[in-house]
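# Commentary on secondary and tertiary structure
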Amino acid sequence: MTMLRTILAVLALCSWLGDSSADARTPRKAAPLAPRSVAVGPDYSQLKLAPPPTGLYLGQYEWVPGDIATMEAAAGMRTSHYAPNRGHWSIGYDGSGNPHLDVAQANAAWDAGRAIVVQAFNTYAGADAEHPVGFTVDKLLRGQYDAALHTLALELKAFGKPVFFQIGREPNGIGGDYFGGFGVNGDKSLAWAVANNAAFNKFVPPARPIGAPSTLYSGVSSSTICDGAERLKAAQRYYWDFFVRREGIKNLTFDTMGWAVLQTDQTLWDSQDYPANQRTYAKQVLDSCQDFRNVYPGDAYVDVVTINWYMLDYYMADWPGFTQDYILSIDSWFQALNKTMTQVIQAAPTKPVMFTELGFPDGMHPDSAYAAAKIQYGLQGVLDYYPQIKGLSMWANHPSWMVPGVFPYDCLIRPDTQQGQALNAVIVANPGKFRSCIYLSDGSTIPNCTE
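The following paragraphs examine the structure supplied in this document.

Thresholds, definitions, all that
Residues numbered from 1 in each chain as written. Predicted model: local features only at pLDDT ≥ 70, side-chain atom pairs only at ≥ 80, totals over all residues. Heavy atoms only, no water. Helix = DSSP H or I, 4+ residues; strand = E, 2+ residues; numbered from the N terminus. Buried < 20%, exposed > 50% of the residue type's maximum accessible area, 1.4 Å probe, protein only. Contact = heavy atoms within 4.5 Å. Pairing = 2+ DSSP bridges. Axes fitted to C-alpha atoms, helices over the stretch in contact; angles between N-to-C directions. Disulfide = S-S within 2.5 Å.

## A word on the environment of Thr-123
In this fold, Thr-123 is placed in the loop between strand 3 (117-119) and helix 4 (137-141). You can call Thr-123 buried: its relative accessible area is 3%. Separated by 58 residues in the primary sequence, Thr-123 and Gly-181 have C-alpha atoms spaced 8.6 Å apart. The residues contacting Thr-123, other than those within four sequence positions of it, are Phe-135, Val-137, Ile-167, Gly-168, Phe-179, Gly-180, Leu-232, Ala-235, Tyr-239 and Met-257.

Structure, rendered in structure tokens:
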């Protein structure tokens, strides 16, 4: 301001000295300076991540340093998500199980042109590192964890840029022993609910948060849908109400927890794990819990539907107790995908779909013609038959998982392998169908990203 006043004074003085008229001795006001055009960037706090106008995003997880670069070398193109630095939910919790966003690492990912996933408390009543001991959805709905959620909200605001936001992960897969919880208090397992003939009609949502719309929990409690699914639906709505309405955060792209694609007769197989006198009821419960339509919270609370799909086989060498290999055909996995997608389209016909996790392994074999065939037919089939699917996130490996009985599958696609050649061949055969840069809701793309 001082400099501007000095400039104006000098201009006025020069004008006065140069005028020979009788009134020249009266200083004139200087003409106002022409306004300069200032480039104003997007307000990222008001934007969400959006599906691409064509094609689908090509993403890759990184559990071991170099995973993303390895897959990119095989694909022959850049991936759009996630990032080596704070790229996914696995490193987003403190020692007490509270969700945490490392803002510096999130900014590093953004500056590198990559989107990340942020997760709140995993909506799982069993034991894991992604929530405090004793967590239940019922406690969440009563506001018991609001202080920790507020801390996460402050971190999200400090970051101030769009993220994928999820409230849990694969509740019908790795979380399928609880879903959202059973029993009057939501702390019981699926096995308990089946054994006690108590999987339905035990969940009653608590009072709505102050100021929440009267419809917040409409349709989430009934006598015909398994309580574990209904609790997941209520949790998604609670998180949306907390972060969007109460905290005023507008840049969270809400997903649907990565619903696992299971074999079409999976509920029948799983029901056989129960005692004979419980199997009929177990099948009824599983059919209800495993139906995506029963867990979908409604369009207002979802931006993108996310599903997980792995073309798996089960080898004796990798699964203790198995007396034979179980080889599941590629066609059977497409039947499974079609069943899941039918439910998704019925529940959310206008929503884009994204694979939160995707894998085409042949057991532990890193270089396999069979795995290459899965990649070829799997990816091409998605392109040909499922235009609703707008992105994929390829799984990677962690040494602690790739052991018998845990997750003995080598999902990382490497260059100079048959899997890598198959991935590159599909990309080359479909120019423009795989995207390296994620779009934002204003039509722009994440900065510092090139296709």
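## Examining the sheet that holds strand 3
Strand order in the open sheet formed by three strands is 3-4-5, with parallel pairing between adjacent strands. Only two strands of the sheet have a single neighbouring strand rather than two, namely strand 3 and strand 5 (252-254). Taking the axes of each pair of neighbouring strands and ignoring which way they run, one obtains an average angle of 40 degrees across the sheet. Of the strands in this sheet, strand 3, strand 4 (163-166) and strand 5 touch helix 5 (residues 146-159), which is tilted by about 165 degrees from strand 4. Helix 7 (residues 227-246) contacts strand 4 and strand 5 of the sheet and is inclined by roughly 170 degrees relative to strand 5.

## Brief notes about the state of the cysteines
What makes a disulfide is a covalent bond joining the sulfur atoms belonging to two cysteines. Tallying each qualifying case throughout the model produces two disulfides. Each sulfur of the disulfide joining Cys-226 and Cys-289 lies 2.2 Å from the other. Across the S-S bond of Cys-226 and Cys-289 the torsion is about 130 degrees, and the bridge reads as right-handed. With a gap of 63 residues between them, Cys-226 in the loop between helix 6 (190-195) and helix 7 and Cys-289 in helix 9 (residues 279-289) connect regions that are remote in the sequence. The pair Cys-226 / Cys-289 is uniform in exposure class, with both members buried. Covalently, Cys-437 is tied to Cys-449 through a disulfide, its sulfur atoms 2.1 Å apart. On the sign convention where negative is left-handed, the bridge of Cys-437 and Cys-449, at about -100 degrees about the S-S bond, is left-handed. In this pair, Cys-437 is assigned in the loop between strand 10 (434-435) and strand 11 (439-440) and Cys-449 in the segment after strand 11, connecting sequence segments twelve residues apart. With respect to class, Cys-437 is no different from Cys-449; both count as buried. Across the protein, the way the bonded cysteines pair up, counted in sequence order, is 1-2, 3-4.

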